[in-house]
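A closer look at the structure
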Amino acid sequence: MEFYQASLAEVEQQVESDPDNPDAYYKKAIYLEALGQTEPALSAVKQAINLDPSPDYLMKEAQLLEATGDYETALARVSRAQILGGDYPDLWHLMAKLNHLQGNQKTALSEVNQALQMYPESLSYYCTKGKIEWALNDTIKAINSFSKSMTHPETRYESMKFLASIHRVN
């Protein structure tokens, strides 16, 4: 916590000394997000985007919007990032998560598969894939995806919860 507060203080000095530096606003957004200040983080990343609409900045805005529950706007931002040249696994994964939350399961499945094709070692993506497959009523594939995701420390618990739910239902 102290690290983020100290880093935020330093980056705020950068913003004051160079208000046309989009990277300083982006870093400010990251530190504010780490401190749990989503709305100020959104404001900071919007400043970065106003100065330079780079795919990385748009991705951060989409992630913050996802945290606030504004999935539709988040999806628009991540789509814009893609149009501006963003073509990396985390972008496809975020699009998949957002489309899943919006109920667009077939699109979401295509996107998570694209993320996995680009970065098959990312076992955490399988948790999202499992949720999508479960929503599409493909129990066997969902079980396989959640089982793969269980080996990733960030998604282990969530995958276990889904597997327990699947086994209770069946």
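Just above sits the structure.
Below is a summary of the structure that appears in this document.

Each value, and the rule that gives it
- Residues numbered from 1 in each chain as written.
- Predicted model: local features only at pLDDT ≥ 70, side-chain atom pairs only at ≥ 80, totals over all residues.
- Heavy atoms only, no water.
- Helix = DSSP H or I, 4+ residues; strand = E, 2+ residues; numbered from the N terminus.
- Buried < 20%, exposed > 50% of the residue type's maximum accessible area, 1.4 Å probe, protein only.
- Contact = heavy atoms within 4.5 Å.
- Areas by Shrake-Rupley, 256 points an atom, 1.4 Å probe, with all protein chains shown as cover.
- Core = buried A, V, L, I, M, F, W, Y, C linked by side-chain atoms within 4.5 Å.
- Axes fitted to C-alpha atoms, helices over the stretch in contact; angles between N-to-C directions.
- Parallel < 35°, antiparallel > 145°, perpendicular 65-115°, else oblique.
- Left-handed = near helix turned anticlockwise from the far one by under 90°.
- Phe/Tyr/Trp six-rings, centres within 6.5 Å; stacked < 30°, edge-to-face > 60°.

1. A short note on the overall build of the protein chain
Across its full length, the protein chain holds ten helices and zero strands. The helix and strand sequence of the protein chain, counted from the amino end, reads α-α-α-α-α-α-α-α-α-α. When the backbone C-alpha atoms are referred to their principal axes, the protein chain occupies close to 60 × 35 × 25 Å. Every one of the 170 residues in the protein chain was classed for burial, and the buried ones make up 41%. If you take every contact in the protein chain between residues at least 6 apart in sequence, the share linking residues at least 24 apart comes to 45%. Entry remark: accessible area of the protein chain is about 9200 Å², with carbon and sulfur atoms responsible for 48%.

2. What about the side chain of Glu61?
Its place among the elements puts Glu61 in helix 4 (residues 55-68). Taking relative accessible area as the criterion, Glu61 reaches 3% and is therefore assigned buried.

3. A short note on the nonpolar core
Val45, Val78 and Leu91 are the most contacted members of the largest nonpolar core, which totals 39 residues. At the level of secondary structure, the elements contributing two or more residues to this core comprise helix 1 (2-17), helix 2 (22-34), helix 3 (38-51), helix 4, helix 5 (71-83), helix 6 (89-101), helix 7 (105-118) and helix 8 (125-135). Beyond its immediate stretch of four places on either side in the chain, Leu91 contacts Met59, Val78, Ala81, Gln82 and Gly86. Counting residues in hydrophobic clusters, the runner-up holds five residues, among them Cys127, Phe146, Leu163 and Ile166.

4. Side note on the side chain of Asn99
Positionally, Asn99 belongs in helix 6. In this view, Asn99 contacts Leu75, Asn104, Thr107, Ala108 and Glu111; residues no more than four positions away in its chain are not counted.

5. Here we look at the packing of helix 6 against helix 7
Following both chains from N to C, one finds helix 6 and helix 7 inclined at 160°, their axes separated by 8 Å at the closest point. As judged from the angle between their axes, helix 6 and helix 7 are roughly antiparallel. Considering only the axes of helix 6 and helix 7, their crossing is left-handed. In this structure, helix 6 contributes Pro89, Trp92, His93, Met95, Ala96, Asn99 and His100 to the contact, and helix 7 contributes Gln105, Thr107, Ala108, Glu111, Val112, Gln114, Ala115 and Met118.

6. Re the environment of Gln105
Tracing the backbone shows Gln105 in helix 7. Each C-alpha atom of the pair Gln105 and Leu136 lies 6.8 Å from the other, and the pair is 31 residues apart in sequence. Apart from the residues lying within four places of it in its own chain, the contact partners of Gln105 are His100, Ile132, Ala135 and Leu136.

7. Describing the packing of aromatic side chains
Inspection of every chain in the model, using the stated rule, returns six aromatic pairs. When the ring of Tyr4 is compared with that of Tyr31, the centres are 6.4 Å apart and the planes differ by 45°; the resulting orientation is tilted. One end of the pair, Tyr4, is in helix 1; the other, Tyr31, is in helix 2, and 27 residues separate them in sequence. Residue classification places Tyr4 among the partly exposed residues on the basis of a relative accessible area of 33%. Overall, Tyr31 belongs to the buried group, its relative accessible area being 18%. Ring geometry for Tyr119 versus Tyr125: centroids 6.4 Å apart, planes at 75°, classification edge-to-face. A residue is classified by how much of its surface remains accessible, and Tyr119, at 38% relative accessible area, is partly exposed.

8. Looking at helix 8
Burial runs high along helix 8: eight of the eleven residues are buried. Within two residues after helix 8, Asn137 carries a phi angle of roughly 60°, on the positive side.

Such coordinate-based values are descriptive only and should not be taken to indicate function.
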